Amino acid sequence: MSAPERAEASGRKRLGILLSGRGSNFVAIADAIADDRLPGAEIAVVISNKADAPGLAAARARNLNAVSIEARGRKRAEHDAEIIACLREHQVDLVCLAGYMRLLSQEFVAAFPQRILNIHPSLLPALPGLDAQQQALDYGVKVTGCTVHFVDEQLDHGIIILQKVVPVQDEDNADTLATRILQQEHIAYAEAIARVLSGQYRITGRRYLLDHAS
Ligand code: GAR
């Protein structure tokens, strides 16, 4: 059976995961599917811009399609075009950035409108960008957390789907804080994917609102 035929036959929504490193959020999503917490989903392909990303090895260990598309020495548009082609080849419905540490081009965002999710380790719009956990300590915030949001053309800016709050403790360093945030990330990402795949939401301005059955 070809990839499109398999996609059609399964009736499941197909996720494309993009990662650059460890891949614990990817593993949490894969576990949620295995545990039936994401019953309507399957992972179609895992793509990394780093050939040696541990997350890619984790995908291979799970017998998933794992593809390395190296970014080094290439223009963003060209690199993104190859990723878009790979996602299309695997009939991906929803793209999930899971520690993918590259900005997406406008063409990429336009290729999957409101179909790209990202997870960020802070309560956006606070503390965007790199090292959000260290930023939280440096600023002295008392609560931080994680955000799952749609991706748009700006960094850590798209419409927020859900957030989880994590208190900052006096004893925290960046590692201990990152560990507690990561526990919440793993819960939040599967929840957010389930919400988006359900289709039972509407967007008003910047607000993502759940439709409730009457
Ligand atoms: C996660 O904490 C994720 O929120 C963060 O990178 C880590 C990846 O961990 N992403 C960003 O900071 C994106 N702005 P993982 O590879 O174990 O999933």
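To be clear, the structure that these remarks concern was listed above.
Quick notes on the rules
The written sequence of each chain sets the order in which its residues are numbered from 1. With the structure being a predicted model, the display of local features is reserved for residues of pLDDT at least 70 and the display and counting of side-chain atom pairs for 80 or more, all residues being used for whole-chain, interface and lining totals. No hydrogens and no water enter the side-chain calculation; it runs on all heavy atoms of the structure. A pair of strands is considered paired only if DSSP assigns at least 2 bridges between the two. Under the DSSP-based scheme used, a helix requires at least four consecutive residues in state H or I and a strand at least two consecutive residues in state E, with every element numbered from the N terminus. Between the N-to-C directions of two axes lies an angle of 0 to 180 degrees, each axis being a line fitted to C-alpha atoms and, for a helix, fitted only over the stretch in contact. In what follows, residue pairs with any heavy atoms lying within 4.5 Å of each other are defined as contacts. For each residue, the accessible area found with a 1.4 Å probe, counting protein chains only, is set against the maximum for its type, and the residue is called buried under 20%, exposed over 50%, and partly exposed in between. A crossover counts as right-handed when, viewed with the strands pointing away from the observer, the path leading from the first strand over the helix to the second turns clockwise. Along the arc lie the directions from the helix axis toward the C-beta atoms. We define proximity as follows: a residue is near a molecule or strand when any one of its heavy atoms falls within 4 Å of that partner. Using a 1.4 Å probe, accessible areas were evaluated by the Shrake-Rupley method; residue-level cover was limited to the displayed protein chains. Buriedness of a pocket was judged along seven lines, with at least five required to meet protein on both sides within 12 Å; pockets are open sets of points on a 1 Å grid over the protein atoms alone, cavities are sets where a 1.4 Å probe fits but cannot get out, and lining residues have an atom within 4 Å of a point. Cavities and pockets are treated as containing a molecule whenever more than half of the molecule's atoms lie within 2 Å of their grid points. Amino acids are sorted into nonpolar (Ala, Val, Leu, Ile, Met, Phe, Trp, Tyr, Cys and Pro), charged (Asp, Glu, Lys and Arg) and polar (every other residue, Gly among them).

**Details of the sheet that holds strand β7 (residues 160-167)**
Read from one edge of the open sheet, seven strands run β3-β2-β1-β4-β5-β6-β7, paired in mixed fashion. Lying at the two open borders of the sheet, with one neighbouring strand each, are β3 (66-68) and β7. Averaged over all pairs of adjacent strands, the angle between their axes in this sheet comes to 20 degrees, without regard to strand direction. Two elements, strand β4 (residues 94-97) and strand β5 (residues 116-120), share three bridges in a ladder whose sense is parallel. Across the sheet, residue Leu97 finds its bridge partner in β5, namely Asn118. Sheet strands touched by helix α3 (residues 54-61): β1 (13-19), β2 (41-48) and β3. Its angle to β3, the strand with the most contacts, is close to 150 degrees.

**Considerations on the pairing of β5**
A regular strand carries its side chains on alternate faces of the sheet. Counted residue by residue, β5 has five buried out of five residues, so it is predominantly covered. Burial along β5 is two-sided: the face carrying Ile116, Asn118 and His120 and the face carrying Leu117 and Ile119 are both buried. Handedness of the crossover joining β4 and β5 through helix α5 (residues 106-111) is recorded here as right-handed. Sheet analysis places β5 next to strand β6 (residues 143-150), joined by four bridges and oriented antiparallel. Counted as the bridge partner of Asn118 is His149 from β6.

**Points about α3**
For α3, every residue scored as buried is listed here: Gly55, Leu56 and Ala59. Across the axial projection of α3, the buried residues extend over an arc of 100 degrees, all falling on one side. Asn63 lies just past α3 and shows a positive phi near 60 degrees.

**Description of the site of the ligand**
In the region of the ligand, the neighbouring residues are Arg22, Gly23, Ser24, Asn25, Gly99, Met101, Ile119, His120, Pro121, Asp156, Leu182 and Glu185. Relative to its free-state accessible area of 450 Å², the ligand is covered by the protein chains to the extent of 89%. Using a 2 Å cut-off from the grid points, one finds that the ligand occupies the largest pocket. Counting residues per element, the ones that place at least two in the shell around the ligand are α2 (24-34), β5 and α7 (174-198). Across the shell around the ligand, the residue classes break down as four nonpolar, five polar and three charged.

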